[in-house]
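Remarks on the overall topology
Spelled out from the first residue to the last, the chains are:
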Amino acid sequence: MVNFYFRRFTNHFFAAAISFVVPVLFVAHHLSFKPSYHNSPDNASAIASVEPPVSACSLTDATVSACTSSMTLTVDPGYTNYAWSNGSTGNSITVTSSGTYWWETVRYDEDAVSNGNFENASNHYRGFNSSYTRNTTSLVAEGTYAVLQNPHSEHSSFATFNDHTKNDGTGYMMVVNGASTANVTVWSESISVQTNTTYVFSVWGASVTSGSPGILNFSINGVQLGNITLTSTLGAWQNFTVRWSSGSNTTATIGIVNQNTAASGNDFALDDISFAPVCRKNITANLYPNPPKPVITNVPL
Ligand SMILES: [Ca+2]
Ligand SMILES: [Ca+2]
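To keep things clear, this report deals only with the structure shown in the data block.

Criteria and cut-off values
Residues numbered from 1 in each chain as written. Chains lettered and ligands numbered in written order. Predicted model: local features only at pLDDT ≥ 70, side-chain atom pairs only at ≥ 80, totals over all residues. Pairing = 2+ DSSP bridges. Helix = DSSP H or I, 4+ residues; strand = E, 2+ residues; numbered from the N terminus. Axes fitted to C-alpha atoms, helices over the stretch in contact; angles between N-to-C directions. Core = buried A, V, L, I, M, F, W, Y, C linked by C-beta atoms within 7 Å. Buried ≥ 20, exposed ≤ 12 C-beta atoms within 10 Å, placed from the backbone. Contact = placed C-beta atoms within 7 Å.

A closer look at the sheet that holds strand β9 (residues 185-192)
Read from one edge of the open sheet, four strands run β9-β14-β11-β12, paired in antiparallel fashion. Every interior strand has two partners, whereas the edge strands, β9 and β12 (223-229), have only one. Adjacent strand axes in the sheet meet at a mean angle of 15 degrees, parallel and antiparallel pairs treated alike. Relative to strand β14 (residues 251-258), strand β11 (residues 215-220) runs antiparallel, the two being bridged by five bridges. Residue Leu216 lies in a different strand from β14, and its bridge partner there is Asn258.

The following block contains the structure:
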């Protein structure tokens, strides 16, 4: 009888040991996850520099199991731009119950906008369309634009400030004297997109005059994404970010219009327009806080 219980104990012990060790080894092997995001679009170059380009959403889902009451999940190595399902932007999260958790990253290294930062060395006007009138010598007239390093350089009433990309006086931005008619396309670009993929559209804007700030409106394929009303603070770059899912679309035509039609004031700059796919990694965590314990019964010999 003692032998029977000893064997039963031994079997339970090894079963418990295996169910603990195997998942721990599995976790050790697979749980090297290091994903508002940890960093902003400003860090796109940092991402590109630490990992080779891969196709969108190449992350593989994972399942981790362990005999434990809490588990730490970490973002895959090499990612610097990420957010967790609970809103955390930390490198790891600690979970105390079984479930599916995820982190996601915006692949700014796969930004689909051509010349969205206006830094194309051979042609700062490359890639986008505008229904405004390009004027490379003067922005005094309403409804005109130019790509400049300093808004003041083409209009004596426009402020002097740096672009958003470089912020050192050498970068370029699109400078616009707002049109006095509604719904004129300031900036537009048609982009090839992958189906059933989520993208993040992001743009930065700033007032170049303090009067009657611009009201920027964004759309994709004619569907409204929202607005931002710029502040009157000169050169104060403001960000607009929105998610968009492609569904069956293979093209996204992004449009930016200014809903303010005031002639006086209503002048602004745009920079760092990006449209990047989102990649998500689901992690199914199985926590077994109460592994089976051997049952030892006091049986008289
Ligand atoms: Ca720029
Ligand atoms: Ca104006």
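A few points about the nonpolar core
Met173, Met174, Val175, Val176, Ala269 and Leu270 are the most contacted members of the largest nonpolar core, which has 44 residues in total. Elements represented by at least two residues in this core include exactly β7 (144-148), β8 (173-177), β9, β10 (198-207), β11, β14 and β15 (267-287). Those residues in contact with Leu270 that lie beyond four places of it in its chain are Met173, Met174, Val176, Trp187, Val203 and Gly205. The next biggest cluster of nonpolar side chains, apart from the first, holds 13 residues, and it includes Leu73, Tyr79, Tyr82 and Trp84.

Concerning unusual backbone geometry
The phi angle at Asn167 is positive, at roughly 55 degrees, despite the residue not being glycine. The class of Asn167 is partly exposed, set by 13 C-beta atoms lying within 10 Å. Backbone geometry places Asn266, a non-glycine residue, at a positive phi of 60 degrees. As for its position among the elements, Asn266 is in the loop between β14 and β15. With 24 C-beta atoms packed within 10 Å, Asn266 lands in the buried category.

So, the environment of Asn167
Note that Asn167 resides in the loop between β7 and β8. In the structure, Asn167 is positioned 18 residues away from Gln149 in sequence and 9.7 Å away in space, judged by C-alpha atoms.

Focus: the environment of Glu189
Examined against the element boundaries, Glu189 turns out to sit in strand β9. With 20 C-beta atoms packed within 10 Å, Glu189 lands in the buried category. Along the backbone, Glu189 and Ile254 are 65 residues apart, and their C-alpha atoms lie at a distance of 5.5 Å.

Structural notes on the pairing of strand β5 (residues 99-106)
The sheet contact formed by strand β3 (residues 83-84) and β5 spans two bridges and is antiparallel. From the neighbouring strand, Ala83 faces β5, where its bridge partner is Glu104. Note: β5 against β15, eight bridges, orientation antiparallel. Looking at the pairing, Thr105 lines up with Cys279 of β15.

Take it as geometry only, folks, not as evidence of what the structure does.
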